[in-house]
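In case you want the letters, here they are:
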Amino acid sequence: MLAVLSPGQGSQKPGFLAPWLDLPGAEARLRWWSALAGVDLIHLGTRADADEIKDTARTQPLLVAAALLAAEHLPMHDVGLVAGHSVGELGAAALAGVLPAESAVTLAGVRGREMAAACALEPTGMAAVLGGDPDEVIAALTAHGLHPANRNGAGQIVAAGAIDALDKLAAEPPARTRVIRLQVAGAFHTPYMATAETALAAVAAGVPASAPARILLSNLDGTPVGHGPETVRRLVRQVTAPVRWDLCMRTLADLGVTGVIELPPAGTLAGLVKRELKGEGAPEIVTLNTPADLPAARRLIARHAGGPAARPAAPPFRVVVSPAAGRLDRSAAPAEGAEVRAGQFLGHVATGRGPVEVTAHDNGPLVEWLAHHDDPVAPGQPLVRIGGTH
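A.B. asks: What is the right way to read the overall build of the protein from this model?
C.D. replies: Scanning the protein from N- to C-terminus turns up 13 helices and 17 strands. Whereas a compact globule of 390 residues would reach a radius of gyration of roughly 21 Å, the protein reaches 20 Å, a difference of no more than 12%. Across its three principal directions, the C-alpha atoms of the protein cover 60 × 50 × 45 Å. Burial status across the protein gives 53% buried among its 390 residues. With an accessible surface of roughly 15400 Å², the protein has 54% of that area assigned to carbon and sulfur atoms. For the protein, the distance from the average position of its 32 positive side-chain charges to the average position of its 37 negative side-chain charges is 3 Å.

A.B. asks: How should I be thinking about the sheet that holds strand β9 (residues 284–287) in this particular structure?
C.D. replies: For sheets, the rule is that strands pair by backbone hydrogen bonds, running either parallel or antiparallel. Reading across the sheet, the 5 strands line up as β7-β2-β1-β8-β9 and stay open at both edges, with parallel pairing between neighbours. If you trace the sheet from one side to the other, it starts and ends with β7 (215–216) and β9, each paired once.

A.B. asks: Explain the pattern of salt bridges to me, please; I cannot follow it from the model alone.
C.D. replies: Any two side chains of opposite charge can pair, given that their charged atoms come close. Applying the stated criterion across every chain yields a total of 12 salt bridges. When the shortest N-O distance is used, the salt bridge between R244 and D246 registers 2.8 Å. Each member of the pair, R244 together with D246, is buried. Across the pair R303 and E284 runs a salt bridge whose closest N-O atoms are separated by 2.5 Å. Of this pair, R303 sits in helix α13 (residues 294–304) while E284 sits in strand β9; the two residues are 19 residues apart in sequence, bridging distant segments of the chain. Judged by its relative accessible area of 32%, E284 falls in the partly exposed class.

A.B. asks: How do you make sense of the environment of D135 when you look at a structure like this?
C.D. replies: If you trace the backbone, D135 turns up in helix α7 (residues 134–143). By relative accessible area, D135 is classed as exposed at 58%. For the pair D135 and E197, spaced 62 residues apart in sequence, the C-alpha separation works out to 28 Å.

A.B. asks: Would you take a moment to explain the sheet that holds strand β5 (residues 156–162) for this structure?
C.D. replies: Taken in spatial order, the 4 strands line up as β4-β5-β3-β6 in an open sheet, and their pairing is antiparallel. Of all strands in the sheet, those with a lone pairing partner are β4 (147–153) and β6 (177–182), marking the two edges. Pairwise comparison of adjacent strand axes, ignoring direction, gives a mean angle of 25 degrees for this sheet. With 5 bridges connecting them, β4 and β5 associate as antiparallel partners. Along β5, the bridge assignment pairs G153 with Q156. Of the strands in this sheet, β3 (124–131), β5 and β6 are in contact with helix α8 (residues 163–171), which crosses β5 at around 135 degrees.

A.B. asks: How should I be thinking about the packing of helix α6 (residues 101–119) against helix α9 (residues 194–204) in this particular structure?
C.D. replies: What describes two packed helices is the angle between their axes and the distance between those same axes. Direction vectors running N to C along α6 and α9 enclose 155 degrees, while the axes themselves pass 8 Å from each other. Put simply, α6 runs roughly antiparallel to α9. For the pair α6 and α9, the crossing hand works out as right-handed. Contact residues: α6 offers L107, V110, R111, E114, M115 and A118, while α9 offers T195, A196, A199, L200, V203 and A204. Here the residues of the contact of α6 with α9 are counted per class, giving 9 nonpolar, 1 polar and 2 charged.

A.B. asks: Even after reading the chapter, I still don't get the packing of helix α1 (residues 26–37) against helix α4 (residues 56–71), so can you show me in this structure?
C.D. replies: Where α1 contacts α4, the two axes come as close as 11 Å, and the packing angle between them is 145 degrees. When the axes of α1 and α4 are compared, the crossing they make is right-handed. Contacts between α1 and α4 involve A26, R29, L30, W33 and A37 from the first element and P61, A65, L68 and L69 from the second. Its residues placed into classes, the contact of α1 with α4 shows 8 nonpolar, no polar and 1 charged.

A.B. asks: Would you explain the environment of M115 in this entry?
C.D. replies: Secondary-structure assignment places M115 in helix α6. As for M115 and A185, which are separated by 70 residues in sequence, their C-alpha atoms are 9.1 Å apart. Ignoring anything within four residues of it in the chain, the contact list for M115 reads T56, Q60, F188, M193, A196 and V239.

A.B. asks: Would you take a moment to explain the side chain of Q238 for this structure?
C.D. replies: Within the secondary structure, Q238 is located in the loop between α10 (228–237) and α11 (245–254). Among the polar contacts made by the side chain of Q238, one reaches the main-chain amide nitrogen of L220 at a distance of 3.2 Å. Of note is the side chain of Q238, whose polar atom sits 2.7 Å from the backbone oxygen of P242. The residues contacting Q238, other than those within four sequence positions of it, are E89, H189, N219, L220 and V243.

A.B. asks: Would you mind going over the confidence of the model for the protein with me for this structure?
C.D. replies: When pLDDT is low, close inspection of the predicted coordinates is not appropriate. Summary statistics for the protein give a mean pLDDT of 91 and a share of 96% for residues scoring 70 or more. Across residues 307–314 the pLDDT falls below 50, and counting only partners more than four positions away or on other chains, this stretch makes 12 contacts in the model.

A.B. asks: Where do I start with the side chain of T177 in this structure?
C.D. replies: Looking at the secondary structure, you find T177 in strand β6. The exposure class of T177 is buried, given its relative accessible area of 15%. For T177, the side chain forms a polar contact with the main-chain oxygen of P174, separated by 2.7 Å. Contacts of T177, omitting those with residues within four sequence positions, involve V129, L130, G131, G132 and V137.

About the thresholds
- Along each chain, the written sequence defines residue order, and numbers are assigned to residues from 1.
- Thresholds applied to this predicted model are a pLDDT of at least 70 for local features of residues and 80 or more for the giving and counting of side-chain atom pairs; totals over whole chains, interfaces and linings are not thresholded and use all residues.
- As a convention, hydrogens and water are excluded, and side-chain values are obtained from all of the structure's heavy atoms.
- Going along the chain from the N terminus, every DSSP run of H or I of four or more residues is numbered as a helix, and every run of E of two or more is numbered as a strand.
- Every radius of gyration here is taken over C-alpha atoms, with the globule rule written as 2.2 Å times N^0.38, N being the number of residues.
- Residue exposure (1.4 Å probe, protein chains only): buried if accessible area is under 20% of the type maximum, exposed if over 50%, otherwise partly exposed.
- Here the open area of atoms and residues is found with the Shrake-Rupley method and a 1.4 Å probe, where only the protein chains shown may cover a residue.
- Under this rule, positive means Lys or Arg and negative means Asp or Glu; His and the chain ends count for nothing.
- Note on charges: their place is set at NZ of Lys, CZ of Arg, CG of Asp or CD of Glu.
- Note: two strands are recorded as paired if DSSP finds a minimum of 2 bridges between them.
- Put simply, a salt bridge is a Lys or Arg side-chain nitrogen that is within 4 Å of an Asp or Glu carboxyl oxygen.
- Structural elements are reduced to axes, namely lines fitted to C-alpha atoms, with helices fitted over the stretch in contact, and the angle between N-to-C directions of any two is expressed from 0 to 180 degrees.
- Should any heavy atoms of two residues lie within 4.5 Å, those residues are counted as being in contact.
- Each angle receives one of four descriptions, namely roughly parallel if under 35 degrees, roughly antiparallel if over 145, roughly perpendicular if within 65 to 115, and oblique otherwise.
- The handedness criterion is simple: a crossing whose near helix is rotated anticlockwise from the far helix by less than a right angle is left-handed, and one whose near helix is rotated clockwise is right-handed.
- Gly counts as polar in this scheme, as do all residues outside two lists: the nonpolar Ala, Val, Leu, Ile, Met, Phe, Trp, Tyr, Cys and Pro, and the charged Asp, Glu, Lys and Arg.
- Polar contacts here mean pairs of N or O atoms no more than 3.5 Å apart (in protein, one a potential hydrogen donor and the other a potential acceptor; neighbouring residues in sequence count only if both atoms are side-chain atoms).
- A score from 0 to 100, pLDDT tells how confident the predictor is in each residue.

Shown next, in the form of structure tokens:
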């Protein structure tokens, strides 16, 4: 089976779109998408410098547009699975057939502007914590009042939160780790982005969504999503929820993915996959950065493509994960065995900023609680299993 991956913020490079404008229709397509996103994608992808394209409001629609532009030149009908990292999920959702390309680019523009605005509300940031024991790293982040915004696998957890808390983490790093500050505008994928999530939800509520035509993995818990509206809800929720790329890569391994193509600007996700899925059975990888890489990508698709009969069935259950760090309150939760519906309240996590709701993201029976009432929980920790409805 072949997976196509769409990268997220931080992967952009000055001028990376320039070679693609030589392809027929590419410039016109980018002008149309620029009007939808509210930014000049041609300028950003060809002439803008590194400082200009690291602006969140500009970077996010640029990355989604780049991935979709390149994918138009691939035989995507032969691709069995797609996934994206952070804002790359919007590109993946369009490649899965959940959203039209125009909707994905428009939502990326809204997402970028609103997250940039949220960053301006108070001084926050992010830092990569490399190495160490994952449980010890998470415990250290919690002790400093920080959030694990990205769990990227391969010994990398990204901490996010207040600047002074990040300074304390750097001064007192967990054992056997290095802490590297990231040049970003704020604490993405944390409760600090709540205003952006609300604004994106208001726009996304009017976007039509279809069921995925191929397997689409969610950053929330690494599981395939089979319902269009649920995909959109997850895309909105991901603004404040941790990116569990480690769980997405685990699913790639579990599904037996043998080939991976990373869309432009490629390299970051390919590197994570290479470090995580190594040894016998490691997937063959192509990084698609310029049109000169298209023949290699097409040959990879031909070697690893799997038709509908080769695709695995949807998993028998979905896992709901914790939206925040705190203590789980199950006092008003449905019992195991009860039928629940998408969006139904299951409980909440008590945090220093108040309660954060835990809701079902699919219809089906509540199979099993994975955490007890009043347990301390970390962001992204599995809390409950909900059975499939197929």
